[in-house]
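Geometric and topological summary
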Amino acid sequence: MTGLCASPVLAHSAQAETPSEAPSSTTRPITQPITQGVNHIALTVTDLDASVAFFVDGLGWRTAGGFPDYPSVFVTDGSVFVTLWRASDPANAISFDRKNNVGLHHLAFTVPDIETLDELHTKMADWPGVTIEFSPEPNGGGPTIHMILREPSGNRLEFAVPGGRSRAQAKK
């Protein structure tokens with residue numbers, strides 16, 4: 001690359017093609033991931049009360065704090081924490097477009113079995129403000145069975161049974 005960059009960092013990173021070509025550092029080399037899983041996920045919502053109700057009443061999660069001044073509520077299933085932050089101007093918030101916006105495409109949660117996934121689908125089909133994008137079906141050729149919906153504020157959520165069997169196989 002022969003283009004001009006005002007910053008030497010930008011010039012170097014524009015030329016780097018692989019992580020091994022990243023700028024050298026005086027710190028110890030990284031030989032293993034430095035992260036240890038997901039600490040929490042934060043989602044901006046337009047209707048904080050409806051989104052909290054979706055997670056707590058719809059999915060059986062519990063609240064675990066929040067900041068009334070920001071306004072936010074933390075919810076958890078005991079393993080994952082999600083921070084629900086209310087948009088500062090909900091009436092003018094811009095809805096996410098998964099095909100054109102950079103950002104979270106969707107958030108996926110594991111459910112224990114196909115029966116639970118089917119029950120969730122039935123429950124969410126009538127849940128206020130929820131839009132089901134597709135009903136439980138094999139992901140690609142399977143064996144995972146999944147569905148995607150939009151919670152009341154429009155965030156895309158996937159629910160999946162890893163290695164789940166199709167209903168036809170389950171009946172055998």
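Residues numbered from 1 in each chain as written. Predicted model: local features only at pLDDT ≥ 70, side-chain atom pairs only at ≥ 80, totals over all residues. Heavy atoms only, no water.

**A look at the environment of Thr 144**
The criterion, for reference: Only DSSP runs of H or I with at least four residues qualify as helices, and only runs of E with at least two residues qualify as strands; both kinds are numbered from the N terminus onward. Buried, partly exposed and exposed residues are distinguished by accessible area as a fraction of the type maximum, computed with a 1.4 Å probe on protein chains only: under 20%, between the cut-offs, and over 50%, respectively. Pairs of N or O atoms are called polar contacts if they sit within 3.5 Å, as long as, within protein, a hydrogen donor faces a hydrogen acceptor (for residues adjacent in sequence, only side-chain-to-side-chain pairs).
By secondary structure assignment, the location of Thr 144 is in the loop between β6 (131-138) and β7 (145-150). Since its relative accessible area comes to 22%, Thr 144 is described here as partly exposed. Put simply, Thr 144 and Ala 160 are 16 residues apart on the chain and 6.7 Å apart in space, counted from C-alpha to C-alpha. Within polar-contact distance, the side chain of Thr 144 engages the backbone nitrogen of Gly 163 at 3.4 Å.

**Some thoughts on the layout of surface pockets**
Stated precisely, the cut-off is as follows: Buriedness for pockets is judged along seven lines, at least five of which must meet protein on both sides within 12 Å for an open set on the 1 Å grid over protein atoms alone, while cavities are sets there where a 1.4 Å probe fits but cannot get out, and lining residues have an atom within 4 Å of a point. Grid points are joined across faces, edges and corners, and a volume is the space filled by probe spheres set on the points.
Considering only enclosed or pocket space, the largest pocket measures out at about 400 Å³ in volume. Lining of the largest pocket is provided by 20 residues; of these, Thr 44, Ile 94, Phe 96, Ser 153 and Asn 155 occupy positions nearest its centre. Of the residues forming the lining of the largest pocket, the biggest block, four residues, is contributed by strand β1 (residues 41-45). In this structure, the second largest pocket encloses a volume near 190 Å³. When residues of the lining of the second largest pocket are traced back to their parent elements, those giving at least two are α2 (48-59), β5 (107-110) and α3 (114-125). Top element by residues in the lining of the second largest pocket is α3. It accounts for three residues.

**Quick look at unusual backbone geometry**
Residue Pro 143 is reached from Gly 142 by a cis peptide bond, and omega for that bond is 10°. Its location among the elements puts Pro 143 in the loop between β6 and β7.

**A short note on the confidence of the model for the protein chain**
Detailed reading of the predicted coordinates is not advisable wherever pLDDT falls low. Filter applied, for reference: Known as pLDDT, the predictor's confidence for each residue is given on a scale from 0 to 100. What makes two residues a contact is simply this: any of their non-hydrogen atoms within 4.5 Å.
Taken as a whole, the protein chain shows an average pLDDT of 84; of its residues, 80% reach a score of 70 or greater. Within the model, pLDDT remains below 50 along residues 1-17, and this stretch shows nine contacts once partners closer than five positions in the same chain are excluded.

**Considering the side chain of His 146**
Take His 146: it is sitting in strand β7. Judged by relative accessible area, which is 8%, His 146 ranks as buried. If we skip the residues at most four places from it in the chain, His 146 touches Leu 117, Phe 134, Ser 135, Pro 136, Glu 137, Pro 138, Asn 139, Glu 158, Phe 159 and Ala 160.

**Points about the side chain of Thr 83**
Tracing the chain through its elements places Thr 83 in strand β4 (residues 81-86). Contacts of Thr 83, omitting those with residues within four sequence positions, involve His 40, Ile 41, Ala 42, Leu 43, Ser 72, Val 73 and Phe 74.

**A look at the pairing of β5**
For clarity, the cut-off: Any two strands are treated as partners once DSSP identifies two or more bridges connecting them.
Where burial is concerned, the two faces of β5 differ: the one with Leu 107 and Phe 109 is buried and the one with Ala 108 and Thr 110 is not. Pairing geometry for β5 and strand β8 (residues 156-161), over four bridges, is parallel. Bridge pairing in β8 links Ala 108 to Glu 158.

**Looking at the sheet that holds strand β2 (residues 62-67)**
Applicable threshold: As a rule, the C-alpha atoms of each element are fitted with a line to give its axis, helices using only the stretch in contact, and angles between N-to-C directions run from 0 to 180 degrees.
Reading across from one edge, β1-β4-β3-β2 is the order of the four strands in this open sheet, with mixed pairing throughout. Of all strands in the sheet, those with a lone pairing partner are β1 and β2, marking the two edges. Going from strand to strand, the sheet's axes swing by 25° on average, the running direction of each strand aside. Sheet topology note: the strand β3 (residues 72-76)/β4 ladder contains five bridges and is antiparallel.

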